[in-house]
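# Close look at the chain arrangement
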Amino acid sequence: MKIYRSAAALTALLAAAPAFAAGGSVKGKVTFSGATIPASTDLTDQLTKSKDKDVCLAGPKASEELIVDAASKTVANVFVSIKVKDGGKKLEVPASPILSDQKSCHFEPHIIVVPEGAKVELKNSDTVMHNVNPKQLKNPDFVNEGIPAGKSVVKTTKKAERIKISCDVHPWMAGYIIVTDTPYWALTGKDGSFEIGDLPAGEYTVNFWHETLGTLKQEKIVVKDGAATECNGAMAPKAGG
Amino acid sequence: MAKEADPGDTHYPTITLNMWFAISSILLVGAVFWMVIDDWNREWKQWQRKFQTMEADRLESLLKSYNEDPKFTTELTQINEQFRAAQATLDSSKGALEAATEALRLAEGAKYEADNAQRVAKGDYDWAKYLVEEHRLKNPGDKMARQGEIDTAFALAQKTKLAFEDADRGVEVAKKKRNEILASRSKAEAALAAATMERDRHARNLELLRPKTLEGKLAKGVRDFPGLDFAAPSLTVNKVVLEDKLFFDLKFPGKKKTRVDMCMTCHVPIDKAGPEYAAASNPLKSHPRLDMYLSSTSPHPMNDFGCTVCHAGSGETLSFVHADHNPRDEKQRKEWEEKYHWHKMHHWEQPMLPLQHTEASCYQCHSGHLDLIKDEAPRLQRGAELVEKAGCYGCHKIQGVWQELPKAGPSLKHIAAKLSPDWAFAWVQKPADFRPSTWMPQIFHLSNATDTTRAKDRIVEREDVAVNAILEYLWSRSEEFAVPPPPVKGDVERGKEAIQLRGCLACHQIDGLNAPNETNEFGPSLAGVGSKLGEAWIYQWVKNPKKYWPDTKMPDLRLSDQDASDIASYLASLKKDGWSAKRPAVDEKLLQEIASEYLGNQVSLSEGERKLKAALAAGNADRREAMLYVGRKFILRQGCFGCHDIPGFEKETPIGTELSDWGSKDLDKLDFGNFLFTHPPRMEKRRDAWAVGKLTDPRVFDQGKIKAPDELLRMPKFRFTEEEVQIVTTFLLGLVKNDIPVQSMPRLSESKKALARGAALVRQNNCAGCHTLQHEKVTLKHPADGIVSVRGALSYDEDAEEYSVKLREVAPSFAERSDNGVSGGEIGQGITFAKDQLVAKGAPEGGGLLDSFYKLAAQGLRLENAKGEPVTRPLSDATAAEPYAPPSLRWEGRRVQADWLYEFLKKPYIVRPHVPVRMPTFEFNDEEASSLAQYFVRLEEQRYPGEFTRRFRQENAMSRAELAQGAKIGRDVQDGLEILERLESGGRVPADVFVRVQAFAKEHDAKGPGSESFAFETAQRLPFEPIAERSEEYFRNRENAVKDYHVKARNLVGDNNSGNCYSCHWQDGKPVVEDPFAWAPDLEKVHQRMRPEWLRRWLLDPSQVIPNTKMPKPGIGPGKSDAIFPGSFEDSVQALVDYLMNYDRVTPDSSAQ
């Protein structure tokens, strides 16, 4: 969690410096708008029955695919992004790889956001074998690969795509690597809030994506220099799902 | 008194006579001119003139393109330049050339003289010999008399001969000298000729067709002048004479004549390749499939096959109408009538096949392997498939493979245990009411029964009596079949799940669970089946289908009692909406009437029948007896036993007309009834029109006919679609009487034969219901390459408005490109392209269960753990379900050993423990199992397609002849010698030589029983191991190269920190981990199953072999497993392969050493 945040903060800081006075920002909150908040899948049974239970039981015992605050109904892990066609800052590619760790049989962090072309370190911090099975179509470097205990492999991203990752040894494990082609993105925290700064003045579409709640588009969001435009998202489970 | 006629006088005045002579000679001259002109302007000559114009235009533009081609013109200028330079050099050394020419002339003169001298000397020598021989005969005393004369003459002959040889050499030297001077110019001359050869040839041809010179014009004018064009015209009749090849059957016994086809007289460029010919319109068009037909490199060259062998029609005629072209439809008929004054040739018995039926002719030679020519003759193959499905062969005898097929419908031997008579009555009356997709045809209440003109005959009522009586008979003869209730209680909901998980939906369709498609309509639809069958019967059936019906295609799925009972409960719960069936009461009076009628019609009666007749007449007949009698009569009339096993009808012969040579049946023998009047659009008396009419409404020829009820037509109605009717007609037209000489029949290689047999078995057992045979094709527009196709799973990204294909097969055609987001690549990679670039997306061939599994992924997939407890879990996405579905067989022949496949097919076991679908037991016989095993291996052109035969022979103690019969391997006589040589030098015999030697043995065995074959006996004694990696030699070499090689490799497999294959894979018949979702195949049997080459490729990167596989690339190699097995990733993978291929040899004990 720490590393991706610092990486993100660093990127934002570097890019923000020269255009500080001129840019505007979009900020808001994502809330759950469905009738009832679905309970996260309980993993205790699977964890206890696993042959690696000594290692795996130390991790979270519920699925991380949907995290909604019971009181405020805010949704965490929503990827918010804006595409800026003209002007704006460039996509910064960090030199060192961004870490996706496998710890106590879960992906830590659950989602990492990686600029196109950046490297990703897939690490196994456990004492048991894991593999990373990436569902990708545009990043051929990512193949389903076993990672021995304590080892890691480094892969390079190529094109924007949301890559679902899972481990076939421990079928409950799941996470995402989001490869982005825009520097204007944010990932909501537990309080559901986000802020995207340094935006040149103009009219934008704000895209929201959540792994179980799907996508949402807020069109015609006007950004003015030096001001923060508010843009909230309300997301509900897909019909039938 | 009348004046006597003067003998010199005529009856007519001379003047009148002269006038008539004048008129008739003018008429005669006119007729001659007319004849000449008419001949000059014949239809075929008009076409050939058109072709000449077309060809001349083509040559002109070709020549123009030569002159306009800058490359050609520069090249030509260069060569011309060289030629001029060479000529100039020659001109400068004119004196030398002249001297050399003079020298050559002199040398040639000298040679001539020397030649004369030697001839004279030789003659003198011969003369001297004669004189001396004569002298010695007359004077026998001196045997050596006058020897000196001979010696002198001989010496002179020798001398002159040598002088001639010298002179000859002198000529050669002089020639060489002169040529040296000429050399550079000759070379330039040759280059010039070579460069312009093509062009000049075209120019010469053009000069013939469209002369530019005066002589040319004159010559052509005279050659083609009306009346003179009999000598050497440019327009000629072209023909192919098939002497001793494919005869023309004159239909008189033993009368055959040589087939002569003149079609190419009008269809001039039919065998010529070229875009101009392909784009032209008929008849000046080339054949659309020159790769398959007519061209000399195709399998059917024009000179060997002609035209009418396939197209039929009259080959020896020269006009459109007389060739008996036949229009494909009404529209074309109208068009032809206007354009060519077309009419039917009524007296030609072999009309040209309308274009849509041409494939029919393939049947003449390819009847035994239609599956092999599926791509070339799709309609014919599909027609045969429909005939097989509809069971036409049950009533109509068809020569060939058809006679070996089992009956198409279920056995009715134990019908009372399965059905209620009420349900059966409704079913037999109109099967489609209960199941619209059924193959059971409708037999009763068809057009000739409901025809109002027959109302007085009460046909419909008679048929109701018939159905009742038939059922009475069937039930009375039904044999005992126990249907005990299931031993465990079933659960409907679990059954609904089980039916999706165990693979039932591969062959059966159930509304709400799967949409109908080609593979899941293989078996009957199960919609509403609970209104037909009871739970107990379903249980017994699914547990062991062959017990009830030994010939059923339904395999044994080896279901557990619980699964079977759940499935039975579920199916029994599927009731058909609004379905209620009640057998109506029998019209007793009509029954007795019918019985009396049948009895009255019979010539001789059996004892029982006589009694029945008497009882009926007296009005006190036993009703049941009458029912059974009538039932039996109607079963005989309708021929129910053609498709069903019915007790009491085992020896009856099928009721239909034999179809073996229906395609050449005389048109007069086909009863068209009033069809030609009632159906004017199909007025031509054509075989195909008859078949289409019959298949559309089998009773149509009864229309307007006055017939007794028993004389009415009885072929049942199969609900063929219009398209299917046409396709079956194509098949029927192919059933022609034609003895093709052996030398013209296709000679299939062993490999082709195996492929044909295997493809038929794959189809007949619906392998495609579960397994993918060919991956889905996606066609897209590539900005640079145009239309390209790749194979893989297509998905659409709504956000980006892009398509992506995850490649299931390598896409090499544009692998180098990465522009516009479209690039090729390896298996498992994605290629992405814009929305508007998609051209077409195809479905995969087979893999019918995948859709169900995609659905189950979202709902939750139910697996069972080792204790048999259910574990249900939804999967992350649809594609994650692929590893749990039956495997694709796209690469099966590369993946597995033929030996293993053979045994697996005979006795399947669970290879993939995580797959809930079971490979069923098909009870394949040896021939079927070995044909299928060979099929897959030969499809991939892998080694040892027949390797299983040896084990097979050992286990079954087969005779050599039997083995040779089954081996079917390519042969090479040299192998016998090679084996001997190798044995003598103490070497080992490679496996492929061994295999081929078995075929060598076959050759010897063919000489008759008892003829020993040394090669075969030798081969039997040899250690045989088709997998090199499993040979002891290989094993030892590895161990010698790396200490404890195999044990180290074993640790790599079992190590908890790196490879750790047992995190998923089963070990020695048991799971290591509890979660069935993580399970993977047992490593114990890999060495029996996999081919090492495949295993290595698989382990190097599994997702590049099967995308969406659960198997990760092994986490071994430098930085990962150095402590266990030092070496590169590739070496580590090879170690895994070597260990797995010798799994049974590397025991835990050897690790202790």
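A quick note: this is a predicted structure, and the numbers were derived from the prediction, not measured.

### Here we look at the overall build of chain B
Counting its secondary structure elements, chain B contains 43 helices and 15 strands. The proportion of buried residues among the 1153 residues of chain B is 47%. Restricting to contacts in chain B with at least 6 residues of sequence separation, those with at least 24 account for 67%. With an accessible surface of roughly 59,400 Å², chain B has 55% of that area assigned to carbon and sulfur atoms.

### Here's the deal with the pattern of salt bridges
All names here are of chain B. Counted by the stated rule, this structure contains 70 salt bridges over all chains. Put simply, E882 and R808 hold a salt bridge, and the shortest N to O gap is 3.0 Å. One end of the pair, E882, is in the loop between β15 (870-873) and α30 (892-895); the other, R808, is in the loop between β10 (802-807) and β11 (830-834), with 74 residues separating them in the sequence. Taken individually, E882 and R808 each receive the classification buried, so the pair is uniform in this respect.

### Examining the interface of chain B and chain A
Contacts between chain B and chain A engage 40 residues on the former and 26 residues on the latter. Counting the surface lost from both chain B and chain A, the interface buries some 2,700 Å², and carbon and sulfur atoms represent 49% of this. Scanning the region where chain B abuts chain A turns up 2 salt bridges. A salt bridge links E802(B) to K138(A); its shortest N-O distance comes to 2.7 Å. At the boundary of chain B and chain A, one finds 10 residue pairs in polar contact (both at pLDDT 80 or more).

### A short note on the sheet that holds strand β9 (residues 786-797) of chain B
Residue and element names in this part refer to chain B. With antiparallel pairing, the 5 strands of this open sheet are ordered in space as β11-β10-β9-β8-β12. At either end of the open sheet lies a strand with only one pairing partner, and these are β11 and β12 (838-841). Strand-to-strand, the axes of this sheet are offset by a mean angle of 45°, without reference to chain direction. Taken together, the 3 bridges between strand β8 (residues 777-782) and β12 define a ladder with antiparallel strand orientation. Looking across to β12, one finds that L780 is bridged to L838.

### What about the sheet that holds strand β7 (residues 130-135) of chain A?
Residues and elements named next belong to chain A. The 5 strands lie next to each other as β5-β11-β10-β7-β8, forming an open sheet whose pairing is mixed. With one partner strand each, in any of the chains shown, β5 (111-115) and β8 (145-147) form the two edges of the open sheet. Each adjacent strand pair in this sheet contributes to an overall mean axis angle of 25°, direction not counted. Relative to strand β11 (residues 174-180), strand β10 (residues 161-166) is paired through 6 bridges, and the arrangement is antiparallel. Bridged to I163 within β11 is I177.

### Thoughts on helix α27 (residues 722-734) of chain B
Spacing of three or four residues puts side chains on the same side of an α-helix, whose turn is 3.6 residues. Residues and elements named next belong to chain B. Here α27 contains 13 residues, and its C-alpha end-to-end distance of 19 Å stays within 8% of the 18 Å for a straight helix at 1.5 Å per residue. With 10 of 13 residues buried, α27 is to be regarded as a mostly interior element. Residues of α27 that are buried include every one of E724, V725, I727, V728, T729, T730, F731, L732, L733 and G734, and no others. If you follow the buried residues of α27, they end up packed against α11 (363-366), α12 (378-390) and α26 (687-696).

### Considerations on the pairing of β15(B)
All names here are of chain B. Covered by surrounding structure in β15 are V871 and R873 only, the residues P870 and T872 on the alternate face being uncovered. The sheet contact formed by strand β14 (residues 861-864) and β15 spans 4 bridges and is antiparallel. By the bridge assignment, L863 is partnered in β15 with V871.

### Thoughts on the nonpolar core
Residue and element names in this part refer to chain B. Core analysis: the largest hydrophobic core is formed by 90 residues, its most contacted members being L474, I499, I510, L571, I635, I646 and L861. No other element matches the 9 residues that helix α17 (residues 459-477) contributes to this core. Beyond its immediate stretch of four places on either side in the chain, L861 contacts L501, F853, L856, V871, T872, R873, P874, L875, Y884 and F1077. Judged by nonpolar contacts, the second largest core, of 39 residues, contains A360, Y363, F718 and L733.

### Observations concerning empty space enclosed by the protein
Residue and element names in this part refer to chain B. Scanning all chains against the criterion turns up 3 cavities of 30 Å³ or more. Roughly 140 Å³ of internal volume is contained in the largest cavity. Elements with a minimum of two residues in the lining of the largest cavity: α17 and α24 (623-638).

### Looking at the side chain of R1091(B)
Residue and element names in this part refer to chain B. Residue placement: R1091 occurs in the loop between α40 (1086-1089) and α41 (1092-1100). Relative accessible area serves as the criterion here: at 3%, R1091 is assigned to the buried category. One polar contact links the side chain of R1091 to the main-chain carbonyl oxygen of G893, over a distance of 3.2 Å.

### Considerations on the confidence of the model for chain B
All names here are of chain B. Chain-level statistics for chain B give a pLDDT mean of 85 and a share of 88% at 70 or above. Confidence over residues 947-988 falls short of pLDDT 50; this stretch has 81 contacts with residues more than four positions distant or in other chains. Here residues 1004-1025 scores under 50 on pLDDT; set against residues more than four positions off or in separate chains, the count is 43 contacts. Under the prediction, the complex receives an ipTM of 0.79, its pTM being 0.78.

### Let's talk about the packing of aromatic side chains
All names here are of chain B. By the definition in use, this model includes 39 aromatic pairs over all chains. Plain terms: the ring middles of F434 and W579 are 4.9 Å apart, the flat faces sit at 75° to each other, and that makes the pair edge-to-face. Taken together, the residues F434 in helix α15 (residues 431-434) and W579 in the loop between α21 (561-573) and α22 (588-601) connect sequence positions 145 residues apart. Accessibility expressed as a relative area gives 21% for W579, which makes it partly exposed. Relative to F833, the ring of Y803 lies with its centre 5.9 Å away and its plane at 25°, an arrangement referred to as stacked. With Y803 in strand β10 and F833 in strand β11, this residue pair connects regions lying 30 residues apart in the sequence. Three or more aromatic residues link up through ring pairs in this structure, and these residues are F320, W336, Y340 and W342. Sitting over the face of the ring of W900, R1089 holds its NZ or CZ atom 5.6 Å from the ring centroid.

### As for the state of the cysteines
Residues and elements named next belong to chain A. Evaluation of the coordinates by the stated rule reveals 1 disulfide over all chains. Each disulfide pairs two cysteine sulfurs, and for C56 the partner residue is C105, the sulfurs being separated by 2.0 Å. Disulfide C56 to C105: torsion about the S-S bond roughly -50°, handedness left-handed. With C56 in helix α3 (residues 53-56) and C105 in the loop between β3 (98-103) and β4 (106-108), this residue pair connects regions lying 49 residues apart in the sequence. Sulfur of C167: no disulfide; nearest cysteine sulfur belongs to C105 and is 7.5 Å away. Residue C167 is classed as buried on the basis of its relative accessible area, which comes to 2%.

### Observations regarding unusual backbone geometry
Here E108(A) and P109(A) are connected by a cis peptide whose omega angle stands at -5°. For P109(A), the location among the structural elements is in the loop between β4 and β5. Cis geometry is found at the peptide bond from N282(B) to P283(B), where omega equals 0°. The phi dihedral of K220(A) is positive, around 55°, even though this residue is not glycine. Within the secondary structure layout, K220(A) lies in strand β15 (residues 214-223).

### Things to note about the pairing of β15(A)
Residue and element names in this part refer to chain A. In this structure, strand β14 (residues 202-210) lies alongside β15, joined through 8 bridges in antiparallel fashion. Paired with E203 across the bridge in β15 is V222. Linking β14 to β15, which pair antiparallel, is a turn of 3 residues.

### Here we look at the environment of L807(B)
By the element assignment, L807(B) lies in strand β10. As a C-alpha pair, L807(B) and A1078(B) span 271 residues in sequence and 25 Å in three-dimensional space.

### So, a nonpolar patch on the surface
Residues and elements named next belong to chain B. On the surface, L218, V222, F225, L228 and F230 cluster together into a nonpolar patch covering about 560 Å² of accessible area. Looking at the secondary structure, you find F225 in the loop between α6 (214-223) and β1 (240-242). Look at F225 and you get partly exposed, because its relative accessible area is 48%.

Calculation rules
Residues numbered from 1 in each chain as written. Chains lettered and ligands numbered in written order. Predicted model: local features only at pLDDT ≥ 70, side-chain atom pairs only at ≥ 80, totals over all residues. Heavy atoms only, no water. Helix = DSSP H or I, 4+ residues; strand = E, 2+ residues; numbered from the N terminus. Buried < 20%, exposed > 50% of the residue type's maximum accessible area, 1.4 Å probe, protein only. Contact = heavy atoms within 4.5 Å. Areas by Shrake-Rupley, 256 points an atom, 1.4 Å probe, with all protein chains shown as cover. Salt bridge = Lys/Arg side-chain N within 4 Å of Asp/Glu carboxyl O. Buried area = accessible area lost by both parts, 1.4 Å probe. Polar contact = N/O pair within 3.5 Å; in protein donor to acceptor, adjacent residues only side chain to side chain. Pairing = 2+ DSSP bridges. Axes fitted to C-alpha atoms, helices over the stretch in contact; angles between N-to-C directions. Expected span 1.5 Å × (residues − 1). Core = buried A, V, L, I, M, F, W, Y, C linked by side-chain atoms within 4.5 Å. 1 Å grid on protein atoms, 1.4 Å probe; cavity = no way out; pocket = protein on both sides within 12 Å on 5 of 7 lines; lining within 4 Å. Points joined across faces, edges and corners; volume = space filled by probe spheres on them. pLDDT = per-residue confidence, 0-100. Phe/Tyr/Trp six-rings, centres within 6.5 Å; stacked < 30°, edge-to-face > 60°. Lys NZ or Arg CZ within 6 Å of the ring centre and 35° of its normal. Disulfide = S-S within 2.5 Å. Patch = residues over 30% accessible without salt bridge, like charges linked within 9 Å, V, L, I, M, F, W, Y side chains within 5 Å.

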